[in-house]
Amino acid sequence: MNYRELGNTGISVSEVSFGTWAIGGSWGRTNDQESLKALDYAIGQGVNFFDTADVYGDGHSEELLAKATKGKEDQVYIATKFCRAGDIHSKETYSYETVRSYCEASLKRLGREAIDLYQIHCPPIEILQNGQVFEVLDKLQQEGKIRHYGVSVETVEEGLLCLQNPNVKALQVIFNMFRQKPIEKLFPEAKKNGVGILVRLPLASGLLTGKFTKGHTFEAEDHRNFNENGAAFNVGETFAGLGFAKGVELSEQLAWIAEGRHSMTTAALRWILDQDEISCVIPGFKNERQITENLRAIEEKSFSPEELQRIVQFYEEKVKGAIRGPY
């Protein structure tokens, strides 16, 4: 395993880490025993960082992480998120009393005394502009309930706004071959400010695995079935905002990235890891097989300058104009 600094926090995280949205719910059926087995395997392979949220399975993914990391609390870092259990547009959701209650509930489920990285979970930009939530997080940090804090953002504009606060230590962003915009301005600014970058949805909801055809159907409880057009939350969180059919069409045109490499999955992750501003990628998983496949990206062959140019051109000409939702 390779490790990278999480901004200037002093924490070194495994460059391939994992998100736990899928094992909490909203990605189809799950099996807790499979999830725990996969978590244990990942930790055994040197993965020392996991991302979760209080709304993933109504706290279930936090509870699974508590079981998987029991006795290893000092070796495995956990990032969790808050605000989406309430009205994300209400200032009350970000008050000291409310955020403290969210934090203490997460701590109880995680079985921890402090949260390593506490993140605001994709708040509206007006909340970030108001800035009072950062004062709340400063207070929780002073109380020892959280070690560091960051923000999970939907847009480059939101990310740049967060960088104006010197105590924001990490940004979580959607970034993959279909979503290249953060490279231009956000990543360089984050690096300049000593802020870590966590990459969520690195495989564009599975599109960049190359395993889907246009006729594929998703389970009713899978968000890829009910949020394709942004009915439940930001459309960009599902299929990179492209829609399923368009996403499959574009992924087929990108199939060449697997040539001379293990798979499209490992190639897509390798491309992200080769951006040196990245602290880690956090793909999702449901089982040990998916953990194994994602970890293969660590040893994957990097892209040549010619291949990199081809990927940029593909994004500019074929993808950029098709993305829906704030970006």
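All values reported here derive from a predicted model rather than from experimental measurement.

Undergrad: Looking at this model, I keep getting lost on the layout of surface pockets. Mind explaining?
TA: It is a probe the size of a water molecule, rolled over the atoms, that shows where empty space is left. Volume-wise, the second largest pocket comes out at about 180 Å³. Around the second largest pocket, the lining is made up of 14 residues, and of these Arg84, Cys122, Pro123, Pro124 and Glu154 lie nearest the centre. A breakdown of the residues in the lining of the second largest pocket according to their chemical character gives 8 nonpolar, 3 polar and 3 charged.

Undergrad: Could you clarify how one ought to interpret the packing of helix α10 (residues 244–253) against helix α13 (residues 305–319) in this entry?
TA: Closest axis-to-axis distance for the α10/α13 pair is 12 Å, and the angle between their directions is 150°. When the axes of α10 and α13 are compared, the pair comes out roughly antiparallel. Both α10 and α13 take part in a crossing whose hand is right-handed. Mapping the contact onto sequence places Lys246, Leu250 and Gln253 in α10 and Phe314, Lys318 and Val319 in α13. Residue composition of the contact of α10 with α13, by class: 3 nonpolar, 1 polar and 2 charged.

Undergrad: Please explain the environment of Ile115 as it appears in this structure.
TA: Following the sequence through the fold, Ile115 ends up in strand β6 (residues 115–121). A relative accessible area of 2% means that Ile115 is categorised as buried. Along the chain, Ile115 and Gln141 lie 26 residues apart, while their C-alpha atoms are 9.5 Å from each other. Apart from residues no more than four positions distant in its own chain, Ile115 is found in contact with Ile78, Thr80, Cys103, Ser106, Leu107, Leu110, Lys145, Ile146, Arg147 and His148.

Undergrad: I'm lost on the packing of aromatic side chains in this one. Help?
TA: Two measures describe an aromatic ring pair: the distance that separates the ring centres and the angle between the ring planes. Throughout the structure, instances matching the rule amount to 9 aromatic pairs. Judged by centre distance (5.9 Å) and plane angle (15°), the rings of Trp21 and Tyr56 are stacked. Of this pair, Trp21 sits in helix α1 (residues 21–24) while Tyr56 sits in the loop between β4 (49–51) and α3 (60–68); the two residues are 35 residues apart in sequence, bridging distant segments of the chain. Across the pair, Tyr56 and Trp21 agree in class, each one buried. Ring centres 5.1 Å apart and planes at 25° place the aromatic pair Phe175 and Trp271 in the stacked group. Separated by 96 residues along the polypeptide, Phe175 in the loop between β8 (168–174) and α8 (186–192) and Trp271 in helix α11 (residues 264–273) bring together distant segments of the chain. Across the pair, exposure class does not vary: Phe175 and Trp271 are buried alike. The side chain of Lys139 reaches across the aromatic face of Tyr96, ending 4.2 Å from its centre. Geometry around Tyr327 places Lys181 over its ring, the cationic atom sitting 5.5 Å from the centre.

Reading the values: the criteria
- Residues numbered from 1 in each chain as written.
- Predicted model: local features only at pLDDT ≥ 70, side-chain atom pairs only at ≥ 80, totals over all residues.
- Heavy atoms only, no water.
- 1 Å grid on protein atoms, 1.4 Å probe; cavity = no way out; pocket = protein on both sides within 12 Å on 5 of 7 lines; lining within 4 Å.
- Points joined across faces, edges and corners; volume = space filled by probe spheres on them.
- Nonpolar A, V, L, I, M, F, W, Y, C, P; charged D, E, K, R; others polar.
- Axes fitted to C-alpha atoms, helices over the stretch in contact; angles between N-to-C directions.
- Helix = DSSP H or I, 4+ residues; strand = E, 2+ residues; numbered from the N terminus.
- Parallel < 35°, antiparallel > 145°, perpendicular 65-115°, else oblique.
- Left-handed = near helix turned anticlockwise from the far one by under 90°.
- Contact = heavy atoms within 4.5 Å.
- Buried < 20%, exposed > 50% of the residue type's maximum accessible area, 1.4 Å probe, protein only.
- Phe/Tyr/Trp six-rings, centres within 6.5 Å; stacked < 30°, edge-to-face > 60°.
- Lys NZ or Arg CZ within 6 Å of the ring centre and 35° of its normal.

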